[in-house]
Amino acid sequence: MPKQTSLFPDDYDDFFRSLKERIRSTQVKAALAVNRELVLLYWQIGREILQRQQNEGWGAKVIERLARDLRLEFPEITGFSRTNLLYMRAFAEAYPDEQFVHQLGGQIPWKHNCALIDKVKDPAQRIWYIQKTIENSWSRNVLIHQIEGDLYSRQGGALTNFQETLPAPQSDLAQSLLKSEYNLEFLGFRERILERDLERALLGHMQKFLLELGVGFAFVGSQYRLEVEGDEFFVDLLFYHLALSCFVAIELKTTDFKPEYSGQINFYVNVIDDKLRRPTDNPTIGIILCRSKKKSIVEYALRGMNQPIGVSTYRTTAGLPEEFKAQLPSIEDLQHEIASVVEELDRDADPEQADDSSFDPS
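What counts and what doesn't
- Residues numbered from 1 in each chain as written.
- Predicted model: local features only at pLDDT ≥ 70, side-chain atom pairs only at ≥ 80, totals over all residues.
- Heavy atoms only, no water.
- Helix = DSSP H or I, 4+ residues; strand = E, 2+ residues; numbered from the N terminus.
- Buried < 20%, exposed > 50% of the residue type's maximum accessible area, 1.4 Å probe, protein only.
- Contact = heavy atoms within 4.5 Å.
- Areas by Shrake-Rupley, 256 points an atom, 1.4 Å probe, with all protein chains shown as cover.
- Phe/Tyr/Trp six-rings, centres within 6.5 Å; stacked < 30°, edge-to-face > 60°.
- Pairing = 2+ DSSP bridges.
- Right-handed = clockwise from strand over helix to strand, strands pointing away.

A. Looking closely at the overall build of the protein chain. The number of helices and strands found in the protein chain is 16 helices and 7 strands. Here the protein chain holds 362 residues, and the buried ones make up 37% of them. Considering only residue pairs separated by 6 or more positions, the protein chain has 61% of its internal contacts joining residues 24 or more positions apart. Here the protein chain displays about 22300 Å² of accessible surface, and carbon together with sulfur accounts for 52% of that area.

Below, the structure written as structure tokens:
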């Protein structure tokens, strides 16, 4: 039977795949170019408004009329509300140099810029969040989440021995990726918990946990089994970091940091390096995630360790100033008050069940 010949060239699939990639790349470039021009236009409008307010005393009524006239002239454009014009003015005031718009502000969507104006007042922090948004392709909601979680203050603040145990390029990158404290409020815990409960909760919220860890973490497994001469050991959480090209072992502790924790994670890192690490991988990093830590104790515990280890803390509830804690009722007080209110409501609803002692014979 004669062999059937294909109606299409042999390299058609490769050609089509390449064409798709080029089209999508062009779409992205076009969208970015449009966004840059739009943000630049908004900055220019904001600068004009700002200058006229300063030089000619423009007031709120003028802004309202300008918004109305622009909407009438350009009904297909939704960005000319009074509120957005005020954002344009604030944007131009925050960044008086047009070059900033070309280099940074124009690289993120307009709504991202508005969120930064609303929520971040320090110029250096704004620039940092813009750079991180560009690097990690954060959506507006993710950006707001990172701002509200104070990522700027937490990023890179973990206590580590990376400078002594990793080569310079990797040590700097690894240090910058670890946070001094991880925000686990999404777990909803209101009191101290067992380590196994913390681990189960994190596994149940892995997507949110990965977001809090940061870009580049790939989940490998929980209670990851390691065997040494017939004995079994289990790493709480094991990840692989794509940018660092290394395994990251995380041990969860629901107590304050203790020196013996560093020995445990050091053991795990050594075993992972021997049994899992490939020739192309960088040295494994160990992270101890504990309830709290004392700087000097951590530094003494890590001194002399040959493996890269970091110590961070976590919180599961929003912080509350100490002066307020004493003024808050305890759980028992609240339960008693609720019971009293329910009892009072029951009496109001059914007067016949009221206490005889409350009856007034007069």
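B. Geometry of the packing of aromatic side chains. Counted according to the given criterion, the structure contains 16 aromatic pairs. With 4.9 Å between their ring centres and 65 degrees between their planes, Tyr42 and Trp110 make a pair best called edge-to-face. Here Tyr42, found in helix 1 (residues 12–56), pairs with Trp110, found in helix 5 (residues 110–119); they are 68 residues apart in sequence, far enough to count as distant. A relative accessible area of 5% places Tyr42 in the buried class. On the numbers, 6.5 Å between centres and 40 degrees between planes, the contact of Tyr129 with Tyr152 is tilted. Of the two residues, Tyr129 sits in helix 6 (residues 123–136) while Tyr152 sits in helix 8 (residues 151–154), which places them 23 residues apart along the sequence. Take Tyr129: its relative accessible area is 1%, and that puts it in the buried class.

C. Fine view of the pairing of strand 7 (residues 309–315). Most of strand 7 is tucked away, with 7 of its 7 residues classed as buried. On strand 7, burial covers both faces: Ile309, Val311, Thr313 and Arg315 on one face and Gly310, Ser312 and Tyr314 on the other are all buried. The pairing of strand 1 (residues 159–160) with strand 7 spans 2 bridges and is antiparallel. Each residue of the ladder has a partner; that of Thr160, found in strand 7, is Gly310. The sheet contact formed by strand 2 (residues 181–183) and strand 7 spans 3 bridges and is parallel. Note on strand 7: the bridge partner recorded for Tyr182 is Tyr314. Note: strand 6 (residues 285–290) against strand 7, 5 bridges, orientation parallel. Bridge pairing in strand 7 links Cys290 to Thr313. Taken together, strand 6, helix 14 (residues 295–302) and strand 7 constitute a β-α-β crossover, and its handedness is right-handed.

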